[in-house]
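Here is what each chain is made of, one letter per residue.
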Amino acid sequence: MENVLTIKNVTKAFGGVEVVKNVSFEVEKGDIMGTLGPNGAGKSTLIRNIMGMIYPDKGEVSFFLGGKKQRLPLDKIGYLPEERGLYKDVTIQDIIFYLAGLKGYPKGKAKDRLSKYLEMFDLGGMEKRKIEELSKGMAQKVQFIGAIIHEPEFLILDEPFSGLDPVSQDLFREEIRSLSRGGVSILLSSHQMNLVEALCNRIFLINKGEKVIYGTLDEVKEQFSDFKCTLYGENSREIFEQLPGVERVQWEEGKSVIYLMKDTTPQKFLRQLPQDLHIKELHMDRISLHDIFVNIARGGVSHGANL
Ligand SMILES: Nc1ncnc2c1ncn2[C@@H]1O[C@H](COP(=O)(O)OP(=O)(O)OP(=O)(O)O)[C@@H](O)[C@H]1O
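Residues numbered from 1 in each chain as written. Predicted model: local features only at pLDDT ≥ 70, side-chain atom pairs only at ≥ 80, totals over all residues.

Concerning the nonpolar core
Formed by 63 residues in total, the largest nonpolar core has its most connected members in Met 33, Ile 96, Ile 186, Leu 188, Ile 203 and Leu 205. Element by element, the count of residues in this core is highest for helix H2 (residues 92–102), at 5 residues. Cys 229, Phe 240, Ile 258 and Tyr 259 belong to the second largest nonpolar core, which has 8 residues in total. (Core = buried A, V, L, I, M, F, W, Y, C linked by C-beta atoms within 7 Å. Buried ≥ 20, exposed ≤ 12 C-beta atoms within 10 Å, placed from the backbone. Helix = DSSP H or I, 4+ residues; strand = E, 2+ residues; numbered from the N terminus.)

Description of unusual backbone geometry
One non-glycine residue, Glu 159, lies in the positive phi region at around 50°. Following the sequence through the fold, Glu 159 ends up in the loop between strand S7 (154–158) and helix H5 (166–181). Judged by C-beta crowding, with 19 C-beta atoms within 10 Å, Glu 159 ranks as partly exposed. Positive phi values are uncommon outside glycine, yet Lys 208 reaches one of about 50°. One can find Lys 208 in the loop between strand S9 (202–207) and strand S10 (210–216). Of the residues examined, Lys 208 has 17 C-beta atoms within 10 Å and is grouped as partly exposed.

A word on the site of the ligand
Phe 14, Gly 15, Val 19, Gly 37, Asn 39, Gly 40, Ala 41, Gly 42, Lys 43, Ser 44 and Thr 45 make up every residue found near the ligand. Here the shell around the ligand gets 3 residues from one element, more than from any other, and that element is helix H1 (residues 43–50). A per-class count over the shell around the ligand returns 3 nonpolar, 7 polar and 1 charged. (Near = placed C-beta within 6 Å. Nonpolar A, V, L, I, M, F, W, Y, C, P; charged D, E, K, R; others polar.)

Side note on the packing of H2 against helix H4 (residues 136–148)
Relative to each other, H2 and H4 sit at 25°, their axes nearing to 9 Å. In terms of orientation, H2 lies roughly parallel with respect to H4. Helix-helix and strand crossings are classified by hand; for H2 and H4 the assignment is right-handed. Counting all contacts with H2, which are made through Ile 92, Ile 95, Ile 96 and Leu 99, the residues of H4 involved are Val 142, Ile 145 and Gly 146. In terms of residue class, the contact of H2 with H4 is made up of 6 nonpolar, 1 polar and no charged. (Axes fitted to C-alpha atoms, helices over the stretch in contact; angles between N-to-C directions. Parallel < 35°, antiparallel > 145°, perpendicular 65-115°, else oblique. Left-handed = near helix turned anticlockwise from the far one by under 90°. Contact = placed C-beta atoms within 7 Å.)

Here we look at the pairing of S9
Most of S9 sits inside the fold, with 6 of its 6 residues counted as buried. Residues Arg 202, Phe 204 and Ile 206 line one face of S9 and the alternating positions Ile 203, Leu 205 and Asn 207 line the opposite face, and both faces are buried. Two elements, strand S3 (residues 32–36) and S9, share 4 bridges in a ladder whose sense is parallel. Residue Gly 34 lies in a different strand from S9, and its bridge partner there is Ile 203. When S9 meets S10, the two strands line up antiparallel, connected through 6 bridges. (Pairing = 2+ DSSP bridges.)

Observations regarding the environment of Pro 152
By the element assignment, Pro 152 lies in the loop between H4 and S7. Sequence separation between Pro 152 and Ile 186 is 34 residues, and the spatial gap between their C-alpha atoms is 10.0 Å.

Below, the structure written as structure tokens:
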């Protein structure tokens, strides 16, 4: 596969504190790479380094676009920042033409693409509406259009789904998939694990500035998705905590979620349940990306797992 972005041993410190530590990863053509991590993990700092808004203290960020290594080909990159920063007193088309112009993209083509995207995002015919008249979700759609209007080859989306209702989230998801099928490489940072799980083919998980997991979603799930048993019934937390092969128990009145250790199969766990257990309902599932994330944020996975 063709590499589009290489992050090599990037370290960044603020006031002597390293908030990104020796991070390396690659994004390939057409990848949808999910960048995950708890609050303050270093995701935005990493993105700012990639975007050339700040520079790494050590290491290198290189793009390979149009067949050659480049530092930062701004005209080929689209960026949807986490902060929503559109001017208020201008029309949708003025802001989109302005953004297209910054990238050297022809106005005629931008006009056609704008009406296509407004139509797609249920904003058909709103070219002359002012930004200040838009709802949060509508403004988010316009900002997304601004990030892709110039047909970028590389797209950075920081929390793209914030403020969107489920229908609009689906529209965005479909468009992100379609851009990726068309060869656009996408770096997507989001706290919405279900959306990351549904969209990304690879993930990069950072915690306290360090790479924790990096690999394809399938590899990550295979490696980290142990089983969990959700049991509804009036049982004490201790019953489960003392069973062999149990990593941790999440307990509330009437419901226990029992996380199994890696080498504990569902059969082994179920065989050892006490006969007098109160069971109203029982599910055995693979843990989700959300659970993997929580495990890691709690320090359950060693640093630097490369899959
Ligand atoms: N300009 C700055 N000066 C000093 N410290 C900073 C600066 N920018 C970020 N930091 C610190 O770097 C660390 C990582 O912050 P960053 O914004 O990259 O995290 P994040 O993973 O994007 O978090 P969130 O999910 O909350 O947006 C934090 O401890 C933050 O306080």
